[in-house]
Amino acid sequence: MASPRNRRHIIVPGDPTVERYSPHPRKMDVKKPPAPASRPAHGAALKQSFEDAASKGAERRQEAEDAGIKVHGAVPGLYVEFESRPGMRLKLSSLEDARAGIELVAVTETKTDEAEPKRVQHATVFVPDGKVKHFVSRFEKYAKTAPKKKGERRYEAMIDPVATLRLATLRALWTDAPDAYPAAENECIWWEVWLRRHDGNELSRLMEFASLQNLDVSERRLQFDERIVTLVNATASVLASSIDVLNDVAEVQRAKETAAVFVDMGPDEQADWAKELLARVSSPGGAAPAACILDTGVNRGHPLLEVAVAAEDCTAVDPTWGHHDDGGGPGMMGHGTQMAGLALYGDLTPILAGSQPVQLQHRLESVKILPPNGANPPELYGSITAEAASRVEVQAPERARCFAMAVTSTDERDRGTPTSWSSAVDALSAGRVFDQTTQGLVYLDDDGEDHHRRLFIVSAGNVDGNSLAVAHLDQSDTDPVHDPAQAWNALTVGAFTERISIQDASWQGWAPVAAAGDLSPWSTTSVTFAKQWPLKPDVVFEGGNVVRNSKDEVDFPCADLCLLSTHYKPAEKPFVLSYATSAATAQAARMAATIQAQYPNLWPEAVRGLIVHSAEWTPAMQEHLRGAGGKRAREMLVRRYGFGVPRLSRALRSASDALTLIAQGSIRPFAPGDKDPKKRIMGDIHFFELPWPTDVLQSLGEQPVRLRVTLSYFIEPNPGRRGWSKRHRYASHGLRFDVKGPTESLDEFRKRLNQQALDEEEEKPKVNASDSWYLGSQARNRGSVHSDLLSGFAADLAERGVVGVYPVSGWWKDQPARDRSDKGAPYALIVSIETDAADVDIWTPVANQVGVPVEVEIEV
């Protein structure tokens, strides 16, 4: 029987050992694309196509100017679309030249129409007037028939993969899902327009163009380092002319819309229950952290919420909306107040049925990000989210908080690809702040350190109510998480359910759809994501179940299978049913705020890491995992269930037989120096020689033990769909962990990870092939939180108390001018050991090593 969790986690004192780092070289077998049948003919054809595109581009620009569409200050030029040969990838870095003003602006992929489709890559490049010769000369050199001289460049790697090129249309700048493009050229929609930042006048030129064409432009915009994003209401035919006269457009997408499906079943409890509970509730202290709800607002007049929500802590991104929860329009049913109740108390049902005192450890804040009543028009939600975070931070700048957002887009078309919204969440998490003047996301480095990093807790998004099915796992596996839940730095929350008991006689003949402990039918997943995108959701919380009848018809909500929360009109009824990923997200926020209250010195990265680290797969999930053949199959199941169900007791406390160590550090991913990305070197590697219960583990011999390691950090995003490679990678950097092998010396471990630790002419030590992590480095190293488990003998684990943390490449390396390595990249490393052996204490020896008082508390 497991020991009670009544001992605080141990914060590792001191700093890690820091060494200059160079990774060992890897042998990369890069296959060159086969040459076309005739390079001279291919080069000549491409040269002619490019010259034709330049001529046609000039004609289109002149036609627009003749029609009175001329924008002052626009750099004349053309957009050229390069198309790869089927099954080949373009050499994207060769298609741009920053010194010449030639910029790769958008990269997309299509597939051939054949029995076994092949990928075709499309790259759109902006070429200023006067720089056409840049490409023409390369085509001419490529097409030469004379023998190649030593050192002569003919650009084969650049041109061999190119099938054709053409003058780009607006469709070539479309980086959204193909079927989201307007069906008709005269269909008026809201477009998300991404502008290239190059001279500071991009917005004014867009506004001038909009004025000439009588277009509506949103007042909201979002500024990243290299892109400005705003919304424009236009038809495709009108917006298409912008690429001929404006030349600031980098890419276009369809604007996002939001919705949530909630049905108000009415109260199951009476108003006096609320009064009885309120008598047992104690308010949080003045220094308590907050769970900030970004939603439809919160009705702080609800007696169960008023004790933890101050009037000054409720606001709205648009003051004319009011800060109260007026329901939020069709389908929302007081969604913000629902979230607030669950974020403060969790599911109210067991609390109302109980009689214990309730001491609140955190408070609530609210920012209304959805307008009152009626549908919300497409909006730039990245800007809204940034402004919402700014408002509460201005009100209470020193307060610790987490942000909970269960508002997501209604579509599923992004499939892991970063968007302006998810990129804004990542940028805010990493420490950028919203500049009200420029509507840009900037850093405030007044003291050389960054104190503005944030934890965002975001719902994965729901399967549409009309798509709920008895084969719910198949439905969830093909229904990807909704924007912005793919954000790397967010804690993305899906839903599972333990609720299978139906007591209500009105549901006689109906049965629960999901088995106990399995995924909730509401939950979306990242099973369909491309492998380079993060594992989402990160974790799952209770989200309720739905029912089916003998005809396999699905219905909801069944009160027995839902959670209970606070209603936005308490005078009418105090409680309301809640379910799906929104309910799960609110509970995750409650856990995060509780951790912040218990461990106020933990960084946002550590709070997120602890939630992930505390998660376990239920028996039902483990049955699926046991049936998964190989690490790739396990990765797919993690993309369904995340790392499992977090437990508050595990997140808050260790036990005598379950030790959790927490280390926080800041690493320099890349070294300063040469501005040539090809010559830049990696920065540092950190080695943690952890306080370790070596003697106890050795005495246990071949008793089984479990080691778990979680590494959590935030990346800085680089949005813009330009192929996601080299300088256009999305993540600024990556971090990885490794653990010393049971037979390795510390010196051998150092040399295995770090080439600089090798003596002259010394070879890299071989890796212990018997090491068997559950997921393995390939599967776990997605996104910016990595967690894995290792089971083995206690005596082996006794020798494994050293962990290395080291960087891998990102766009900071390839863009030295924007590299923030000198500021350090914060991270949290969480390591735990658990054993089922009886009467074993692995916590106390470590507490003694670090000087932590041995205090046994009441179990959490």
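Residues numbered from 1 in each chain as written. Predicted model: local features only at pLDDT ≥ 70, side-chain atom pairs only at ≥ 80, totals over all residues. Heavy atoms only, no water.

Caption draft 1: Examining the pairing of strand 32 (residues 658–667) more closely. Judged by how many residues are buried, strand 32 sits mostly within the fold: eight of ten residues are covered. Where strand 2 (residues 10–11) and strand 32 come together, two bridges link them in parallel fashion. Its bridge partner being in strand 32, Ile11 is matched across the sheet by Ile662. Alignment of strand 32 against strand 38 (residues 825–835), held across ten bridges, turns out to be antiparallel. When the sheet's bridge partners are listed, Ser666 is paired in strand 38 with Pro826. (Buried < 20%, exposed > 50% of the residue type's maximum accessible area, 1.4 Å probe, protein only. Helix = DSSP H or I, 4+ residues; strand = E, 2+ residues; numbered from the N terminus. Pairing = 2+ DSSP bridges.)

Caption draft 2: Here's a closer look at the packing of aromatic side chains. Going through the model one piece at a time under the given rule, you end up with 21 aromatic pairs. Note on Trp617 and Tyr774: the rings are 5.6 Å apart at their centroids and 45° apart in plane angle, and the pair reads as tilted. One end of the pair, Trp617, is in the loop between strand 29 (615–616) and helix 16 (619–626); the other, Tyr774, is in the loop between helix 20 (746–753) and helix 21 (776–780), with 157 residues separating them in the sequence. A relative accessible area of 13% means that Trp617 is categorised as buried. Judged by its relative accessible area of 22%, Tyr774 falls in the partly exposed class. Taken together, a centroid distance of 6.4 Å and an interplanar angle of 75° make the contact between Trp811 and Trp812 edge-to-face. The class of Trp811 is buried, set by a relative accessible area of 0%. Judged by relative accessible area, which is 5%, Trp812 ranks as buried. (Phe/Tyr/Trp six-rings, centres within 6.5 Å; stacked < 30°, edge-to-face > 60°.)

Caption draft 3: Quick peek at the sheet that holds strand 2. Read across the sheet, five strands follow the order 2-32-38-34-36 without closing on themselves; strand pairing throughout is mixed. The two strands at the open ends of the sheet, each matched to only one other strand, are strand 2 and strand 36 (785–793). Each of strand 32, strand 34 (704–713), strand 36 and strand 38 touches helix 15 (residues 604–613); the most contacted strand, strand 34, lies at about 145° to it. (Contact = heavy atoms within 4.5 Å. Axes fitted to C-alpha atoms, helices over the stretch in contact; angles between N-to-C directions.)

Caption draft 4: Structural view of the packing of helix 14 (residues 580–598) against helix 15. At a minimum axis separation of 10 Å, helix 14 and helix 15 run at an interaxial angle of 120°. One element, helix 14, and the other, helix 15, form an angle in the oblique class. Where helix 14 crosses over helix 15, the handedness of that crossing is right-handed. In this structure, helix 14 uses Ala588, Met591, Ala592, Ile595 and Gln596 to contact helix 15, whose residues at the interface are Val607, Leu610 and Ile611. For the contact of helix 14 with helix 15, the per-class residue count stands at seven nonpolar, one polar and no charged. (Parallel < 35°, antiparallel > 145°, perpendicular 65-115°, else oblique. Left-handed = near helix turned anticlockwise from the far one by under 90°. Nonpolar A, V, L, I, M, F, W, Y, C, P; charged D, E, K, R; others polar.)

Caption draft 5: Local environment of empty space enclosed by the protein. Applying the stated criterion across every chain, the model contains five cavities of 30 Å³ or more. Of the pockets and cavities examined, the largest cavity occupies roughly 70 Å³. Contributing to the lining of the largest cavity are Phe224, Asp225, Glu226, Arg227, Ala427, Arg432, Glu716, Pro717, Asn718, Pro719 and Arg818. Among the residues forming the lining of the largest cavity, the class breakdown is four nonpolar, one polar and six charged. Volume-wise, the second largest cavity comes out at about 50 Å³. Residue lining of the second largest cavity: Arg5, His613, Ser614, Arg650, Ala658, Leu659, Thr660, Ser832 and Glu834, and that is the complete set. Elements supplying a minimum of two residues to the lining of the second largest cavity: strand 32 and strand 38. Among the elements that take part in the lining of the second largest cavity, strand 32 stands out by supplying three residues, more than any other. Among the residues forming the lining of the second largest cavity, the class breakdown is two nonpolar, four polar and three charged. (1 Å grid on protein atoms, 1.4 Å probe; cavity = no way out; pocket = protein on both sides within 12 Å on 5 of 7 lines; lining within 4 Å. Points joined across faces, edges and corners; volume = space filled by probe spheres on them.)

The analysis is restricted to geometry; functional conclusions fall outside its scope.
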